[in-house]
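Spelled out, the chains give:
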Amino acid sequence: AQSVAQPEDQVNVAEGNPLTVKCTYSVSGNPYLFWYVQYPNRGLQFLLKYITGDNLVKGSYGFEAEFNKSQTSFHLKKPSALVSDSALYFCAVRPMFSGGYNKLIFGAGTRLAVHP
Amino acid sequence: EADIYQTPRYLVIGTGKKITLECSQTMGHDKMYWYQQDPGMELHLIHYSYGVNSTEKGDLSSESTVSRIRTEHFPLTLESARPSHTSQYLCASSDPGQGATDTQYFGPGTRLTVL
């Protein structure tokens, strides 16, 4: 079965420290990979995506993600965390052959808490 | 942020009422989607649309129905709301021009509570 795993329910980081939010996937073929962020009582905001090419993808608000095909991972990273980064982060995968509607498979989400 | 709107943002209603959740986008996107999300949990696709007069059910079975009479509008209706329908409903749309790599953009969501 195709799936996305975010192994940590919550990640705690001190402001100014680097952060990593983990994501691994299990899909057939070469997937397209996405990260979204959700602030309280808001919809999801697109952060970045990997389609092909350079394994390090840069996105909004200083975030980046590294695609690792051998480990089937797409971890989200930021060199220096801000308190305002505290939110719920979702990894999503689109299998290469997902039908005309471009199905997204979401992980369960990881809550990031950045402490002053 | 993308130009996709949902109303109402919050709705508390009694059991048995008929409700319609509105979703509209001004980006001219052909593809639109409805997701259901329990607080702090993953998203589940309940409906999607390729374009006008096209609607399909998603992965998660839902008693709701949708319609797509205009490109920009994709309302979701519950004929008789029940407490089990209490959830957050997120609408999204995606750019038809990017093929399989298109990005889905989300509205702010409607948080529905059925008493």
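Structure: see above.
Note that this is a predicted model, so its numbers are computed, not measured. (Residues numbered from 1 in each chain as written. Chains lettered and ligands numbered in written order. Predicted model: local features only at pLDDT ≥ 70, side-chain atom pairs only at ≥ 80, totals over all residues. Heavy atoms only, no water.)

Draft legend 1. View of the overall build of chain A. When helices and strands are counted, chain A shows 0 helices and 12 strands. In chain A, the succession of α and β elements from N to C terminus is β-β-β-β-β-β-β-β-β-β-β-β. The C-alpha atoms of chain A give a radius of gyration of 14 Å, which matches the 13 Å a tight globule of 116 residues would have. In terms of overall dimensions, chain A has C-alpha extents of about 45 × 30 × 25 Å along its principal axes. Across the 116 residues that make up chain A, the buried fraction comes to 48%. A sequence separation of at least 24 residues applies to 56% of the contacts in chain A between residues at least 6 apart. Positive and negative charge centroids in chain A, built from 10 and 7 side chains respectively, lie 9 Å apart. (Helix = DSSP H or I, 4+ residues; strand = E, 2+ residues; numbered from the N terminus. Rg over C-alpha atoms; globule rule 2.2 N^0.38 Å. Buried < 20%, exposed > 50% of the residue type's maximum accessible area, 1.4 Å probe, protein only. Contact = heavy atoms within 4.5 Å. Lys, Arg positive; Asp, Glu negative; His and termini not counted. Charge placed at Lys NZ, Arg CZ, Asp CG, Glu CD.)

Draft legend 2. Summary view of the interface of chain A and chain B. On the chain B side, the residues contacting the 24 residues of chain A number 29 residues. For the chain A and chain B pair, buried surface summed over both sides reaches about 2100 Å², with 48% attributable to carbon and sulfur atoms. Put simply, chain A and chain B have 0 salt bridges between them. The interface formed by chain A and chain B holds 4 residue pairs in polar contact (both at pLDDT 80 or more) in total. When contributions to the side of chain A that touches chain B are tallied by element, the ones reaching two or more residues are strand 5 (32-38), strand 6 (44-50) and strand 10 (87-94) of chain A. For the side of chain A that touches chain B, the class distribution of residues is 12 nonpolar, 7 polar and 5 charged. (Buried area = accessible area lost by both parts, 1.4 Å probe. Salt bridge = Lys/Arg side-chain N within 4 Å of Asp/Glu carboxyl O. Polar contact = N/O pair within 3.5 Å; in protein donor to acceptor, adjacent residues only side chain to side chain. Nonpolar A, V, L, I, M, F, W, Y, C, P; charged D, E, K, R; others polar.)

Draft legend 3. Spotlight on the packing of aromatic side chains. Counted according to the given criterion, the structure contains 15 aromatic pairs over all chains. On the basis of an interplanar angle of 70° and a centroid distance of 6.0 Å, the ring pair of Tyr36 of chain A and Phe46 of chain A is categorised as edge-to-face. In this pair, Tyr36 of chain A is assigned in strand 5 and Phe46 of chain A in strand 6, connecting sequence segments 10 residues apart. What makes Phe46 of chain A partly exposed here is its relative accessible area of 24%. Taken together, a centroid distance of 5.4 Å and an interplanar angle of 85° make the contact between Tyr36 of chain A and Phe106 of chain B edge-to-face. Here Tyr36 of chain A is found in strand 5, whereas its partner Phe106 of chain B is found in strand 10 (residues 104-106) on a different chain. Each residue in the set Phe34, Tyr36, Phe46, Phe90 and Phe106 of chain A together with Tyr33, Tyr35, Tyr105 and Phe106 of chain B is aromatic and connected to the rest through ring pairs, giving one cluster. The ring of Phe74 of chain B carries Arg68 of chain B above its face, with NZ or CZ at 5.8 Å from the centroid. (Phe/Tyr/Trp six-rings, centres within 6.5 Å; stacked < 30°, edge-to-face > 60°. Lys NZ or Arg CZ within 6 Å of the ring centre and 35° of its normal.)

Draft legend 4. The arrangement of the pairing of strand 12 (residues 110-115) of chain A in detail. Residue and element names in this part refer to chain A. Summarising the sheet, strand 2 (residues 10-14) and strand 12 pair through 5 bridges and their orientation is parallel. Counterpart to Val13 in the pairing with strand 12 is Val114. Sheet analysis places strand 10 next to strand 12, joined by 3 bridges and oriented antiparallel. Considered in strand 12, the bridge of Ala87 is made with Leu112. (Pairing = 2+ DSSP bridges.)

Draft legend 5. Highlighting the sheet that holds strand 3 (residues 19-25) of chain B. All names here are of chain B. The 4 strands are arranged 1-3-8-7 in an open sheet whose pairing can be described as antiparallel. The open sheet has two edge strands with one neighbour each: strand 1 (4-7) and strand 7 (65-66). Taken together, the 4 bridges between strand 1 and strand 3 define a ladder with antiparallel strand orientation. Within the sheet, the bridge partner assigned to Gln6 lies in strand 3 and is Cys23.

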